[in-house]
Every structure is written in C-alpha cells, then in structure tokens.
Amino acid sequence: MSDSKLRNVAIIAHVDHGKTTLVDQMLKQSGTFRTNESVAERVMDSGDLERERGITILSKNTSVFYNDIKINIVDTPGHADFGGEVERILMMVDGVVLLVDAFEGCMPQTRFVLQKALKLNKKPIVVINKIDRENARPDEVIDEVIDLFIELGADDDQIDFPVVYASGRQGYAFLNKGDEAKDLRPLFETIIKEVPAPSGDANGPLQILISNIDYDDYVGRIGVGRVERGTVSTGEAVVECISENETKNVKIGKIYKFEGLKRVEADSASAGEIISVSGVPELNIGETLCSPEKIEPLPFVKIDEPTVAMNFMVNNSPFAGREGKFVTSRNIRDRLFKEVETNVSMRVEETDSADTFKVSGRGELHLSILIETMRREGYEFQVSKPQVIMKEIDGVLCEPMEILSVEVPESYVGTVIEKIGARKADMTNMSPKDGGMTLLEFRVPSRGIIGYRSEFLTDTNGKGVINQLFDGYEPYKGEIVQRHHGSLVAHETGVSTGYGLFAAQDRGKLFIGPGVEVYEGMVVGSTPKAEDITVNVCKKKHVTNMRASGSDEALKLTPHTNLSLEQSIEFIDDDELLEVTPKSLRIRKRILDKTLRLRSKVK
C-alpha cells in the first residue's frame, strides 16, 4: 500500500552547487511563507557557522505542499567531511534530486552522493542548476552525468533519469530548451511524477527507523525518522531496539510532522511519513522503535569510518583558565560524548590520560567545525596535530587515500603538480577547462593533504579550487615531508613590543603584533628554515646615558598574519599543540622550556 499524497526526497550535490538556495525558492513558491513575511536567504542553513561559511553542515527537514501533495524535503551537506549526514538521511527518502552546476559539472562529492543513492536504489532526478550562469554548458554537463551514472554501475531504469534545467537563485525551472522560464512548477511536477510514493503496510506492526537526533530544552531528545510500517499514536507503548540483543520498553511522548520550517504536533502518523518523536530519553541514531507484538529491528546503513584523528586535552598552558567557561576534563568529556550521539561519523575514545581524549572524524574540516562550535560555547582546551588512522589489512599496514580534484589557472599548473607530487600523489587526469583553467585529478594519501590547503591557496594566489574525497585504503606509501618551515618560539613570558618584533621579523613571518601577552614556548611566527628559532619578542629598548630610547627613526613592522582555526591546525607540527579558547588561538610547543625541549630532541 502506498500514500499517493506523499513524496519523500533528498536534495544532494557537491558543495556550493546551490542546494539550499533552491530549497529556499521551493518553500517560497509553494506558499509556505506569507507574501509579506520577511525570510532570510539560505533559510535552511540555520547555524551560525553554516551562514558564515556558506556551507550546510547538518541535514535539515522541511516540507512543501503542491496540488494537495505533501513533499518532504531533506537538505543535505555537500562537503565530503559531512558525508555521514548524507548516508543516513538517504534511508528516509524514496528519491533524490541531484543538483549539478551548469558550469562546473560533476565534482568529487557529486560522485560520492550519487554512489550512495544508487546503492540504496533511490530514484534520481537530475537538475542542471545555475543555468543562468555565464559560461553555462548544460549539454556537456549532462553527458558528464550520464558517464558518471554508467561508471557507478547504474541500472537501465536509473540511467533513464529525467532532466530539469533550473536557476535556484532566480527561482525558475524548465524541461526543454526554448520552454518559458517562469517558476519552479516543472520541478515540482517532475518530483511528483517520478519519485515513487512511499510504500509500507499502514496496518502492520509498527517500525520506525531513527535517522537523526534533535534536542529541545523543553522536551529533551527528539528522534527524527521514517515510519516504515504500521501507524504510531501519541502516548503509545513501543519497544526501543538498542542492539540485536538489547531492547527497552518506552512510551512515545509527542509526535511532530514537518510543515514548512515548523514542527507541528500530530495525534498519529502512518507508514511512509517522516516524523519526529519525543518522550524516549536515551534514543539514538540507528535504533528502531517497534510494536511490542513484533520486535523486528531494521538494518541500518553502514557509515564510512573516520580517517583522521586528533587529541583533545585539558589546557595546561601558563594562560589556562583565563578565558574559558568550561575548562575541566569532565566538561570536555561530557561535551565530546554528547557530540557523537548526533554526529554518527565521529568517534570519541578515552586514553590512558584522564585529561586527553582521542576524537576521530572524516577530515580536517569535520574536526575543525567541532572545535569552532565548542569554543563558541565557552570551552577551553588544547588539540594536537591531526593524524590519519592507519589500518592493518591482511597483515599489511594500509593508509586512507583521497581523490584530489584541483582546478587552477594554467600558469600555476607546474607549481601545483610539483607540490602535490612531493606528497606521494599520482596524477590520474589532466584536462583543460573554459576560461584558461585546468582540471587536475590526483590520488594521494590522506596525510599528504594535511596542511596543504593553505599552501595551495598561497601558490595559486587564491585563484585555485581544491576538493577531496575519501577513496579507500592502500598499503603505506612511505614517509612524506609535510612541513618545510620551522617555528619562531617566544623566549620568555611577557608582552610583545614593537622593538622585539622588529628584531624578530627578519627571521620569518610573525603571527602576533605588539602589545600581545605571550609565554615561554609559545609560537609567535614561522621561519623558512626547517628548524625552530627562539626569539625575544618582549625585548625593550632601554634608556642609556648616551641617547633616549625613542630617539632613533621609527620602527617599521611588517603586518603580521592572523591565522584562522584551519590554518593553525594545518600549521602545527607533532611537537606542538593548538590552545583553543573562546577569545584566542595560540600555537605552543608541547615542552615550553627551551632547555628541556633540546634535551628531548637529543634523546
């Protein structure tokens, strides 16, 4: 039995191909908002970090009505590091809308999300977005999409996908060239026509697969999932299937359905509907809520494992506890374990030290988003350099590999190939693109990319675009020299002076300006030399009986570089830590004392 008045779709695409903007227009044109209602751009990106960075981090649920048919829409992240979100969300829907940029074409994440959708046998609709973009090449892009479908082993039915041309920003779509472009009606009609209505026995024993967890200060944990079978009612007694052998009797508190951007209370929900349920205090992602008469947990999609790990530890620097609200190991532990409840592709492990926790994720961005979120919440802690997670497969030490896609102007191709080649990369493709750009594709060890992004932007004067995608494990490729520079390390604790910085700036690039509090062992800059240099940035010019301290010509300081969080993570070496507080980011040596540091290197 199927509900013909319902459709469940996910919007999937590479990062920045326009998913969230298109959903905005779908909400507006379906009459979800009042005509006089003020609505922010990218309304689905509700988090501060999402708005600032222009990326979707967490998947969001919404719904629209078109001709009395309810379309549940899930907006998913496009960045590879948040792929865990995409994988589990696909379990809730019956079809996918694959967005492809009319100029950029198929990108690494396009391959990733499509592969997941095809594997789960979801009906695809291809939308060639940004059709109004200058240099748009829709015909070539469609050919690229067909090639990608064939490459991923799609069956005949999947390859026979409908194509819609659209501009998410302008809010129109059409099916054939020459059609009038007015609104998104062709897209709505294609979704209703092509995406199958959800099937499931509404009269059978209850099954709800929980695919997401939300939290409300008033009602506590809220499970988001799809009713796979049966009907659920408010206050109903159900069984929570925690694992194959563990179950618990619980009671449904409230049921919510999605209407636009709001959660609306409902008395019941039947098979095929995407709902939220409250009242189950320890509900987790991947669990099934079943009828007590037939306890039958559903299999959950296997999420790709993390590839990069960092140590999170209590801040023990000389400035510890000054700026943070939550500073103890218990505070940090509770926050990290709370994160993994909703962030399924992240792992947290306790270590031999009570003050240190190993956090594993899908990439540097995945972990840096967590770090930035925690510092904004008032946490103060330290993190180590990211390390890739090695695996032993059939007795052979293996490491994670990435497909690296790089788009650069022709004049920078040589530099990029040289730099990436030194990081054990193999080039797999090189092809010219419009506008004097060249597309380069490499297969490179994950550890070869750590710390490269900032260097890449410098090498290409910010004109290059770089994307990466996890691509399995291969035998260890040997040592990679990742850092060709050393650190400028503060000699003593004090306040930096213009005179001290002036003397230090000839040694390298500074990260601080005058009037900044520093401590012994804190990194205040970088040097082109491979070894570290200790500098006294607190040095003052004293008055003598010969002349006044300010009588010389004015000191000219080179502007210092303020490192972002990602740049700081990329910069740090094995013997360094990044001190993270709500107000500051400080790079420091693990061993602050210069003498002890030198002794440890001799050993």
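1. Description of the overall build of the chain
The secondary structure content of the chain amounts to 15 helices and 35 strands. Burial status across the chain gives 53% buried among its 603 residues. Of the contacts formed within the chain by residues at least 6 apart in sequence, a portion of 71% connects residues at least 24 apart. When the accessible surface of the chain is summed, it comes to about 27,500 Å², and 47% of that surface belongs to carbon and sulfur atoms.

2. Topic: the sheet that holds strand 8 (residues 207-216)
In spatial order, the strands read 12-11-17-8-9-16-13-14; together these eight strands make up an open sheet with antiparallel pairing. In this open sheet, the two strands that pair with only one neighbour each are strand 12 (247-251) and strand 14 (262-266). Taking each pair of neighbouring strands and ignoring which way they run, the sheet shows an average axis angle of 40°. Sheet topology note: the strand 9 (residues 220-229)/strand 16 (residues 274-278) ladder contains five bridges and is antiparallel. Bridge pairing in strand 16 places arginine 226 opposite isoleucine 274.

3. Comments concerning the confidence of the model for the chain
Close reading of the predicted structure is inappropriate where its pLDDT is low. Summary statistics for the chain give a mean pLDDT of 82 and a share of 89% for residues scoring 70 or more. By mean pLDDT, helix 2 (residues 48-53) is the weakest element of the chain at 46, and strand 21 (residues 381-383) is the strongest at 95. Ignoring residues within four places in sequence, the model shows residues 49-58, a span with pLDDT below 50, making 42 contacts including any to other chains.

4. Some thoughts on the packing of aromatic side chains
For any pair of aromatic rings, geometry is given as the distance between the ring centres together with the angle between the planes. If you walk through the whole model with that rule in mind, you get eight aromatic pairs. Residues phenylalanine 319 and tyrosine 519 carry aromatic rings whose centres are separated by 5.0 Å and whose planes lie at 90° to one another, so their mutual orientation is edge-to-face. A residue pair is termed long-range when its members are at least 10 positions apart, and phenylalanine 319 in the loop between strand 18 (308-313) and helix 8 (329-342) and tyrosine 519 in the loop between strand 31 (517-518) and strand 32 (523-527) qualify at 200 residues. Classification of phenylalanine 319 as buried rests on a relative accessible area of 4%. With 4.7 Å between their ring centres and 35° between their planes, phenylalanine 326 and tyrosine 379 make a pair best called tilted. You can see phenylalanine 326 sitting in the loop between strand 18 and helix 8 and its partner tyrosine 379 sitting in the loop between helix 9 (364-376) and strand 21, a full 53 residues away along the chain. Residue phenylalanine 326 is classed as partly exposed on the basis of its relative accessible area, which comes to 24%. What links up through ring pairs into an aromatic cluster is the set Tyr165, Tyr172 and Phe174. The lysine or arginine in question, arginine 322, covers the ring of phenylalanine 319, its NZ or CZ lying 4.1 Å from the ring centre.

5. Brief notes about the pairing of strand 26 (residues 437-445)
A regular strand places its side chains so that they alternate between the two faces of the sheet. For strand 26, the buried fraction is high: eight of the nine residues fall into the buried class. Two strands pair when backbone bridges link them, and strand 24 (residues 396-409) and strand 26 are joined in this way by nine bridges, in the antiparallel orientation. Across the sheet, residue valine 408 finds its bridge partner in strand 26, namely threonine 438. As paired strands, strand 25 (residues 426-433) and strand 26 are joined by seven bridges and run antiparallel to one another.

6. A look at the nonpolar core
Counting 35 residues, the largest nonpolar core has Ile12, Leu90, Leu98, Ile128 and Phe149 as its most contacted members. Secondary structure elements with two or more residues in this core: strand 1 (6-13), helix 3 (83-89), strand 4 (95-101), helix 4 (108-119), strand 5 (123-129), helix 5 (138-151) and strand 7 (172-174). Excluding anything up to four places from it in sequence, leucine 98 contacts Ile12, Thr110, Val113, Leu114, Ile125, Val126, Val127 and Phe149. Counting 26 residues, the second largest nonpolar core, distinct from the first, contains Phe312, Val314, Val359 and Ile371.

7. Topic: the packing of helix 8 against helix 9
Two elements in contact, helix 8 and helix 9, have axes whose closest approach is 12 Å; the angle formed by their N-to-C orientations is 130°. Overall, the two elements helix 8 and helix 9 adopt an arrangement that is oblique. Viewed along their axes, helix 8 and helix 9 form a crossing whose handedness is right-handed. Each of Ile332, Arg335, Leu336 and Glu339 in helix 8 lies in contact with helix 9, whose residues at this interface are Leu370, Thr373 and Met374. For the contact of helix 8 with helix 9, a count of residues per class yields four nonpolar, one polar and two charged.

Here is what the cut-offs are and how they apply
Residues numbered from 1 in each chain as written. Predicted model: local features only at pLDDT ≥ 70, side-chain atom pairs only at ≥ 80, totals over all residues. Heavy atoms only, no water. Helix = DSSP H or I, 4+ residues; strand = E, 2+ residues; numbered from the N terminus. Buried < 20%, exposed > 50% of the residue type's maximum accessible area, 1.4 Å probe, protein only. Contact = heavy atoms within 4.5 Å. Areas by Shrake-Rupley, 256 points an atom, 1.4 Å probe, with all protein chains shown as cover. Pairing = 2+ DSSP bridges. Axes fitted to C-alpha atoms, helices over the stretch in contact; angles between N-to-C directions. pLDDT = per-residue confidence, 0-100. Phe/Tyr/Trp six-rings, centres within 6.5 Å; stacked < 30°, edge-to-face > 60°. Lys NZ or Arg CZ within 6 Å of the ring centre and 35° of its normal. Core = buried A, V, L, I, M, F, W, Y, C linked by side-chain atoms within 4.5 Å. Parallel < 35°, antiparallel > 145°, perpendicular 65-115°, else oblique. Left-handed = near helix turned anticlockwise from the far one by under 90°. Nonpolar A, V, L, I, M, F, W, Y, C, P; charged D, E, K, R; others polar.

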